[in-house]
Amino acid sequence: MKDLRTYLFRDSGTIPNNQRLPVLYYVQALSLSSPNPARDTERLLLRHGWQGTWVNGVFPYWHYHSRGHEVLCCTAGHARLALGGSTGIEAEVIAGDVILLPAGTGHKRLSASRDFLIVGGYPPHQFPDLLTEDPADRRRALTQIPQTALPTSDPIFGSRGPVFDHWLNPQPR
């Protein structure tokens, strides 16, 4: 992994985000040298206890999940994503990058190459309820986000890695 970027987003008013856990952006964390990097990435997530894997893209509208932390592993192409709602950031993701979104974090695709491909997954017993900027979604999410359990492993590095450094055992600043 070349670099790790962290982003902590405030509530945007329509997207709650997660004020406790930062987004973890693993720059070039994946080795994509095999003939089928999507399949290999799915296997990597499963090996580290992440489940509910899927292979697709990212929706082009604001959405978030209140009952699951979501890992997005870019295995092909590139895209411009918006993270954190209207007060968040735009990020360029390329093949090999991984973004770990804590429950509540808004995200959407702004643009993408034709070959853009994401492998996603969730910690055990979590799932991607699909919530939008609807006020009813937000009210429900505000109670569910704090109840979402922390993962017990890093989706990419297993028993070590950024999840441990920034979510499970953060050092005081």
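Residues numbered from 1 in each chain as written. Predicted model: local features only at pLDDT ≥ 70, side-chain atom pairs only at ≥ 80, totals over all residues. Heavy atoms only, no water.

Novice: Where do I start with the environment of Glu133 in this structure?
Specialist: Tracing the backbone through its elements, the reader meets Glu133 in the loop between strand S9 (117-122) and helix H2 (135-144). Between the C-alpha atom of Glu133 and that of Pro170, which follows or precedes it by 37 residues, the distance is 30 Å. Beyond its immediate chain neighbours, meaning those up to four positions away, Glu133 contacts Thr14, Ile15 and Trp62. A polar contact of 3.0 Å, which involves the side chain of Glu133, links it to the side chain of Thr14. (Helix = DSSP H or I, 4+ residues; strand = E, 2+ residues; numbered from the N terminus. Contact = heavy atoms within 4.5 Å. Polar contact = N/O pair within 3.5 Å; in protein donor to acceptor, adjacent residues only side chain to side chain.)

Novice: Mind showing me how you'd approach the pattern of salt bridges here?
Specialist: Side-chain pairing between opposite charges can occur once the charged atoms of the two side chains come close. Across all of its chains, the model carries six salt bridges by this definition. Between Asp137 and Arg140 there is a salt bridge whose closest N-O contact spans 3.7 Å. Of this pair, Asp137 and Arg140 both sit in helix H2, separated by three residues, roughly a single helical turn. Judged by relative accessible area, Asp137 falls into the buried class, the value being 12%. (Salt bridge = Lys/Arg side-chain N within 4 Å of Asp/Glu carboxyl O. Buried < 20%, exposed > 50% of the residue type's maximum accessible area, 1.4 Å probe, protein only.)

Novice: Is there a simple way to think about the pairing of strand S5 (residues 78-83) in this case?
Specialist: Pairing analysis gives six bridges linking S5 to strand S6 (residues 89-94), with the strands arranged antiparallel. The residue of S6 that forms the bridge with Ala82 is Glu90. Counting the residues in the hairpin turn of S5 and S6 gives five residues, including Gly84, whose phi is positive at 90 degrees. Looking at chain direction, S5 and strand S8 (residues 107-112) are connected through five bridges and run antiparallel. For Leu81, the partnering residue across the bridge sits in S8 and is Arg109. (Pairing = 2+ DSSP bridges.)

Novice: What is the right way to read the side chain of His63 from this model?
Specialist: Positionally, His63 belongs in the loop between strand S3 (51-56) and strand S4 (70-76). A residue is classified by how much of its surface remains accessible, and His63, at 3% relative accessible area, is buried. Among the polar contacts listed, one links the side chain of His63 to the backbone oxygen of Tyr61, at a separation of 2.9 Å. If we ignore the near neighbours within four places in the chain, the residues touching His63 are Val58, Thr105, Gly106, His107, Lys108, Leu130, Leu131 and Thr132.

Novice: Looking at this structure, I do not really get the nonpolar core. What am I missing?
Specialist: Side chains that are nonpolar tend, in soluble globular proteins, to be buried together. In terms of nonpolar packing, the biggest core is built from 18 residues, with Tyr26, Leu45, Val71, Cys73, Val98, Leu100 and Ile156 touching the most fellow members. Listing elements by their share of this core, those giving two or more residues are strand S2 (23-27), helix H1 (37-47), S4, strand S7 (98-101) and helix H3 (162-168). Per-element tally for this core: the top contributor is H1, with three residues. In this structure Leu45 touches Trp50, Thr53, Val71, Cys73, Val119, Gly120, Gly121, Pro155 and Ile156, once residues within four positions along its chain are discounted. Counting 16 residues, the second-largest nonpolar core is a separate cluster that includes Val23, Val58, Ala79 and Val93. (Core = buried A, V, L, I, M, F, W, Y, C linked by side-chain atoms within 4.5 Å.)

Novice: Teacher, can you tell me more about a nonpolar patch on the surface here?
Specialist: A grouping of Phe59, Tyr61 and Leu130 is seen on the molecular surface, where their side chains present a nonpolar patch of about 270 Å² in accessible area. If you trace the backbone, Phe59 turns up in the loop between S3 and S4. On the basis of relative accessibility, which here comes to 40%, the residue Phe59 falls in the partly exposed class. (Patch = residues over 30% accessible without salt bridge, like charges linked within 9 Å, V, L, I, M, F, W, Y side chains within 5 Å. Areas by Shrake-Rupley, 256 points an atom, 1.4 Å probe, with all protein chains shown as cover.)

Novice: Looking at this structure, I do not really get the state of the cysteines. What am I missing?
Specialist: Should the sulfur atoms of two cysteines be covalently bonded, the bond is a disulfide. Counted under the stated rule, the structure contains zero disulfides. Distance from the sulfur of Cys73, which forms no disulfide, to the nearest cysteine sulfur (Cys74) is 9.2 Å. Taking relative accessible area as the criterion, Cys74 reaches 0% and is therefore assigned buried. (Disulfide = S-S within 2.5 Å.)

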